[in-house]
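Observations on the model geometry
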Amino acid sequence: MLEVTGLRVSYGGIQAVRGITFHVNEGEMVALIGANGAGKSSTLRALARLLEPAGGSVRYRGKELLSLPPHGLVSEGIALVPEGRGVFPRMSCLENLRMGAYARNDKAAIERDLEHVLGHFPRLKERAQQMAGTLSGGEQQMLAIGRALMSKPKLMLLDEPSMGLAPIMVQKIFEVVRTVASEGMTILLVEQNAKLALEVSQRGYVMESGEITVTDESRKLLADPKVRAAYLGE
Amino acid sequence: MNDQVKKALPWQRHWLGVLLIAAVLVAVPFIAALGGQAWVRIANFAILYIFLALGLNIVVGYAGLLDLGYVAFYAVGAYVYALLASPHFGLHLPFWVILPLGAAIACMFGMLLGAPTLKLRGDYLAIVTLGFGEIIRIFLNNLNAPINVTNGAQGITLIDPIRIGDFSFAETSVIFGVELSGPQKYYFLLVALAILVIMVNVRLQDSRIGRAWQAIREDEVAAKACGINTRNIKLLAFAMGASFGGIAGGVFSAMQGFVSPESFSLMESITILAMVVLGGMGHIPGVILGAILLTALPEVLRYGIEPLQDAIFGRSIVDPESLRMLIFGLAMVLVMRFRPAGLWPSSQRRRELAESEK
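In this text the structure is predicted, and so the values were computed from the model without any measurement.

In this section: the nonpolar core. Membership of the largest hydrophobic core comes to 170 residues, with the highest contact counts inside it found for Leu157 of chain A together with Ala53 of chain B. The dominant element in this core, judged by the number of residues it contributes, is helix H3 (residues 37–62) of chain B, at 17 residues. Ignoring sequence-local partners within four residues, the contact set of leucine 157 of chain A consists of Leu44, Leu47, Ala48, Ile78, Ala79, Leu80, Val81 and Leu188 of chain A.

As a further point, take the sheet that holds strand S6 (residues 78–81) of chain A. The pairing of strands in a sheet comes from backbone hydrogen bonds and takes either a parallel or an antiparallel form. Residue and element names in this part refer to chain A. Read from one edge to the other, the open sheet built from 6 strands follows the order S6-S7-S8-S3-S9-S10, with strand pairing classed as mixed. Each edge of the open sheet is held by one strand with a lone partner, namely S6 and strand S10 (211–217). Within this sheet the neighbouring strands show an average axis-to-axis angle of 15 degrees, counted without direction. The pairing of strand S7 (residues 155–159) with strand S8 (residues 186–191) spans 5 bridges and is parallel. Residue leucine 158 lies in a different strand from S8, and its bridge partner there is leucine 189. Here helix H6 (residues 137–149) sits on the sheet and contacts S6 and S7; the angle it forms with S6, its principal contact strand, is near 170 degrees.

Turning our attention to the packing of helix H2 (residues 15–34) of chain B against H3 of chain B. Residues and elements named next belong to chain B. H3 packs onto H2 with a crossing angle of 145 degrees between their chain directions and a minimal axis gap of 6 Å. Handedness of the crossing formed by H2 with H3: right-handed. Contacts between H2 and H3 involve Val28, Pro29, Ala32 and Ala33 from the former and Gln37, Trp39, Val40 and Ala43 from the latter. Here the residues of the contact of H2 with H3 sort into 7 nonpolar, 1 polar and no charged.

It is worth spelling out the sheet that holds strand S1 (residues 2–11) of chain A at this point. Residue and element names in this part refer to chain A. A sheet is described by the order of its strands in space; here 4 strands give the open sequence S2-S1-S4-S5, paired in antiparallel fashion. Either end of the sheet is taken by a strand with one partner, and the two such strands are strand S2 (14–24) and strand S5 (63–64). Looking at chain direction, S1 and strand S4 (residues 55–60) are connected through 5 bridges and run antiparallel. For valine 4, the partnering residue across the bridge sits in S4 and is valine 58.

For the rest of this paragraph, the subject is helix H11 (residues 266–279) of chain B. All names here are of chain B. If you check H11, its first and last C-alpha atoms are 20 Å apart, about what 14 residues at 1.5 Å a residue would give, namely 20 Å. Summarising burial for H11: 10 of the 14 residues are buried, a large majority. Restricting attention to buried positions, one finds in H11 the residues Glu268, Ser269, Ile272, Leu273, Ala274, Met275, Val276, Val277, Leu278 and Gly279. Elements that come into contact with the buried residues of H11 comprise H3, helix H4 (71–84), helix H6 (122–142), helix H12 (284–313) and helix H13 (320–338).

Parameters and conventions
Counting restarts for each chain, with residues numbered from 1 along the sequence as it is written. Throughout, the order in which chains and ligands are written sets their labels, letters from A for the former and numbers from 1 for the latter. In keeping with the predicted nature of the model, local features appear solely for residues at pLDDT of at least 70, side-chain atom pairs appear and are counted solely at 80 or more, and the whole-chain, interface and lining totals rest on all residues. By convention in this section, buried Ala, Val, Leu, Ile, Met, Phe, Trp, Tyr and Cys residues joined through C-beta atoms within 7 Å make up a nonpolar core. Labels follow a simple rule on C-beta atoms placed from the backbone: if 20 or more others lie within 10 Å of a residue's own, it is buried; if 12 or fewer, it is exposed; otherwise it is partly exposed. By definition, any uninterrupted DSSP run of H or I lasting at least four residues is a helix, any uninterrupted run of E lasting at least two residues is a strand, and each is numbered from the N terminus. By the convention adopted here, residues make contact when the C-beta atoms placed from their backbones lie within 7 Å. A pair of strands is treated as paired once DSSP finds two or more bridges between them. Comment: axis = line fitted to C-alpha atoms, over the contacting stretch for helices; angle = value between 0 and 180 degrees taken between N-to-C directions. Left-handed describes a crossing whose near helix is turned anticlockwise from the far helix through less than a right angle; right-handed describes the clockwise counterpart. Gly is placed with the polar residues, together with every amino acid not listed as nonpolar (Ala, Val, Leu, Ile, Met, Phe, Trp, Tyr, Cys and Pro) or charged (Asp, Glu, Lys and Arg). The span you would expect from a helix comes to 1.5 Å times its residue count less one.

Okay, here's the thing in structure tokens:
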């Protein structure tokens, strides 16, 4: 579904991503793990067209993504859940969710999806009229995921969903991610919390200083002594 | 269904209020005329500033782009009118050609300013727009050589008034048995224009575009992730705001019969911005209130302070002009201290500020 070939990202003279190649198949969840500054988020930001890569190609269903403007991704069926939540703080939960459907104009279907998304997140339903900025971090993350779902994507790019959340909230968020995946969503998950990411995903790529060093099925990575030592704190 | 009911209701519920406002609007030029035509002109300027402030409100209030050079578009509109309807080039095009043309050219300048500043926010954008406003003014001041385009600092005189056939807005005429002076006629024209800009503002507020502006104001990355074409939507804000500035400039030109670069100083930009901010950013009634207050204040000072000083001290001690800036500044400080969201803010903005204080 998504094929990334030789992707390079540089900031000034510094190369953050040094020509990485990976792919995501339809219906699977792929984790991109690695330490801080390994280039995971830069990779995702390049995929989401939030920054201009220095080179490489990103093909989505055979179509070159790098020639699309950032707002064009949504109509292709790609949704980004930005790092650090990125909800609209002064809009209510409902308004936030509706913004997610901005690029759609099938009103009846939007209302149906709204119900569906709120069904996933009973917490958000309780707080439907509350300003998003007054929600807890975890609730905001749920809202960001819900908003992404509202665009009816086929591929979801999740940027560090566990960042800055209490462990119990992280568990909840990952439950949600698992549910979304079980409904057939293709997910590319960028995550520092390697253990959790590998537990929910089918395959994983380990990034180190801008390069992919290891790749395998997630359960094998979880068992790999080198990965365990470097990323799982053993 | 529900939406339709909601849209229809305010007018039905407030029909008495609407009627009252209409009556006041009609009465104003006649009441003002009792004190002399100068007062009608002041009322005209108040409405012209409402128009300008609501144009700027689109850029600053809705899209959240701090524009300190708004007067540049006003100037562009004014000079387009002045050059195409005055003896300066010997051109006398009718107003219905020039006003839209002025709006279009101002719109073009708006995009010219918007395009390179798309990535700037807040203070940085403010500085660039401020510079832009000054560049336009300096151009107007100096474009009298090698080819005399703008007539430099002397400005352009003898600009045609707005004229429909033989009906000139500059002369007194009798319509339906009512004698209307020139300024009174401009008054009604300005009210019509103001209603137009108010309607555009109202429609934009709850539109798809309005929501996109709000999204960009709050989180640009998230707005992009929602599929909003942030570039075009921001440019649209600049373009629309600039067009209204252009129209206001054209009417200003026609009404005054004279333009010169000094009417378009930075101070003017700041005054218009102050109207928006003092009144209540993004809230239409607030902006209108701000525009009226800030236009009326200097006039009240001019006509009130001097006689007052004469009465108390027997002579004028403080020049009303310098007092104006003093009171202006004081009003700003007080409003920002006690009503940071403006005198009459929208519930939305009040929420935003209450939150950022936490």
